[in-house]
Amino acid sequence: MTAFNLQVEDTGDRFAHTSGERLDRYLSQKLPNLSRSRIQQLIEQGNVHLNEQICTTKKINVKVGDRITLEIPEVQPLEVQAEDIPLDILYEDDHILILNKPAGLVVHPAPGHPDGTLVNALLAHCPNLPGIGGVQRPGIVHRLDKDTTGAIAIAKTDIAYHSLQAQLQAKTARREYLGVVYGAPKTENGIINEPIGRHPQDRKKMAVVPIEKGGRNAVTHWQILERLGNQTLVLFQLETGRTHQIRVHSAKIGHPIVGDPIYSSAHSVGVKLNGQALHAWRLKLQHPVSEDLIEVTAPPPQTFTTLLEILRRRVAS
């Protein structure tokens, strides 16, 4: 177990004031390698002592003279087994790994998918990965649906994990998707700002749900790239990252993703797809250590390019 022992000192700044400073804010400034969300999690789990007493309240104010101990528990044994599954690597160094995920590959183990996942493959590729960001989801800072293809970033170190997580929360990491939708939107671009939550009747689905009923803020930007008759190639940019966000938002505006087995009831386009025609095309982020800008483009799968070729031929004929 790793422990940090701190004492709030009178430095002449706001920490010396009797009003104090919130515990989580104070710790995030004193321990910059830990994200604020991680610190809040440690507080809630009882891993922080304030003046020798367990403190589970992140909003409590600390004052000059207070003694704080923060403990980071040892990594729990990882039950997921490493599997030799081929990976399409787009970028890799000692801190991060960016892959082009194929359709059909589940990101992390879950009921119904105990093995054969991206996490199983990552454990074989990166032996030091266990524990980075969680026992069952090591290194995973964002995810893609099983049948959504494209770029996904993996953290190989704790510093990288918290850096990438912070970039996603601050909306400085940019995620762009290519999608083919049914129909022809009337405008060339737009913003969909609709909260998303669990479907009230079907718990396996997501839906637009009011915030007061449990929905979470979700914002998707979209822009038409190519009109293809009764279908349209669209560039999506995520501002938030809710489960099934693009798929739910596209269906909400009347233009569901082609081939979506859950949110679309539209007819077949005559091309056999492995899932929805949605591809995480481009990923831009700041390197967690060098702070250089990394931009990676993931080539779409053959089924996606074949779909576009067929739709283009139909329009031209």
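See the structure above.
In this numbering scheme, every chain counts its residues from 1 along its sequence in written order. The predicted nature of this model means local features are confined to residues of pLDDT at least 70 and side-chain atom pairs, given and counted, to a pLDDT of 80 or more, with totals for whole chains, interfaces and linings taken over all residues. Excluding hydrogens and water, the side-chain values take into account all heavy atoms of the structure.

In this section: the overall build of the protein chain. On a plain count of helices and strands, the protein chain comes out with six helices and 17 strands. For the protein chain, buried positions account for 45% of its 317 residues. In this description, contact between two residues means that some pair of their heavy atoms is separated by no more than 4.5 Å. Residue pairs in contact within the protein chain that sit at least 24 positions apart in sequence constitute 64% of those at least 6 positions apart. Using a 1.4 Å probe, accessible areas were evaluated by the Shrake-Rupley method; residue-level cover was limited to the displayed protein chains. Just so you have it, the protein chain exposes about 16,200 Å², and 47% of that area is on carbon and sulfur atoms. We count Lys and Arg on the positive side and Asp and Glu on the negative side, and we leave His and both chain ends out. Note that the charge is assigned to NZ on lysines, CZ on arginines, CG on aspartates and CD on glutamates. Across the protein chain, the centroid of the 35 positively charged side chains sits 9 Å from that of the 33 negatively charged ones. Here a helix means four or more residues in a row that DSSP labels H or I, a strand means two or more in a row labelled E, and each is numbered from the N terminus. In this scheme, a residue with accessible area under 20% of its type's maximum is buried, one over 50% is exposed, and one in between is partly exposed, where area comes from a 1.4 Å probe on protein chains only.

Think of it this way: DSSP has to see at least two bridges between two strands before they count as a pair. Strands sit in the order β1-β6-β3-β4 across an open sheet of four strands; the sheet is antiparallel. Strand pairing shows two members of the sheet lacking a second neighbour, β1 (2-7) and β4 (53-54), which therefore form its edges. Summarising the sheet, strand β3 (residues 48-50) and strand β6 (residues 67-72) pair through three bridges and their orientation is antiparallel. When the sheet's bridge partners are listed, H49 is paired in β6 with T69. Contacting β3 and β6, helix α2 (residues 36-44) runs over the sheet at an angle of about 100° to β6. Fitted lines through C-alpha atoms serve as axes, helices being fitted only where they are in contact, and the angles separating the N-to-C directions of these axes extend from 0 to 180 degrees.

For the rest of this paragraph, the subject is the packing of helix α1 (residues 23-30) against α2. The N-to-C vectors of α1 and α2 enclose an angle of 125°; their axes lie 9 Å apart at closest approach. Considering their axes alone, α1 and α2 lie oblique with respect to each other. Handedness of the α1/α2 crossing: right-handed. Between α1, through L23, D24, R25, L27 and S28, and α2, the contact on the second element is made entirely by R36, I39, Q40 and I43. By the convention adopted, Pro, Cys, Tyr, Trp, Phe, Met, Ile, Leu, Val and Ala count as nonpolar, Lys, Arg, Asp and Glu as charged, and the other residues, Gly among them, as polar. Counted by class, the contact of α1 with α2 contains four nonpolar, two polar and three charged residues. Small angles under 35 degrees read as roughly parallel and large ones over 145 as roughly antiparallel, with 65 to 115 read as roughly perpendicular and the rest as oblique. Two helices that cross are described as forming a left-handed crossing if the nearer one is turned anticlockwise from the farther one by less than a right angle, and a right-handed crossing if clockwise.

Another aspect to go through is the side chain of H255. One can find H255 in the loop between α5 (245-252) and β16 (278-286). Classification of H255 by relative accessible area gives buried; the value is 16%. Among residues more than four places away in sequence, those in contact with H255 are V181, Y182, G183, A184, P185 and S250.

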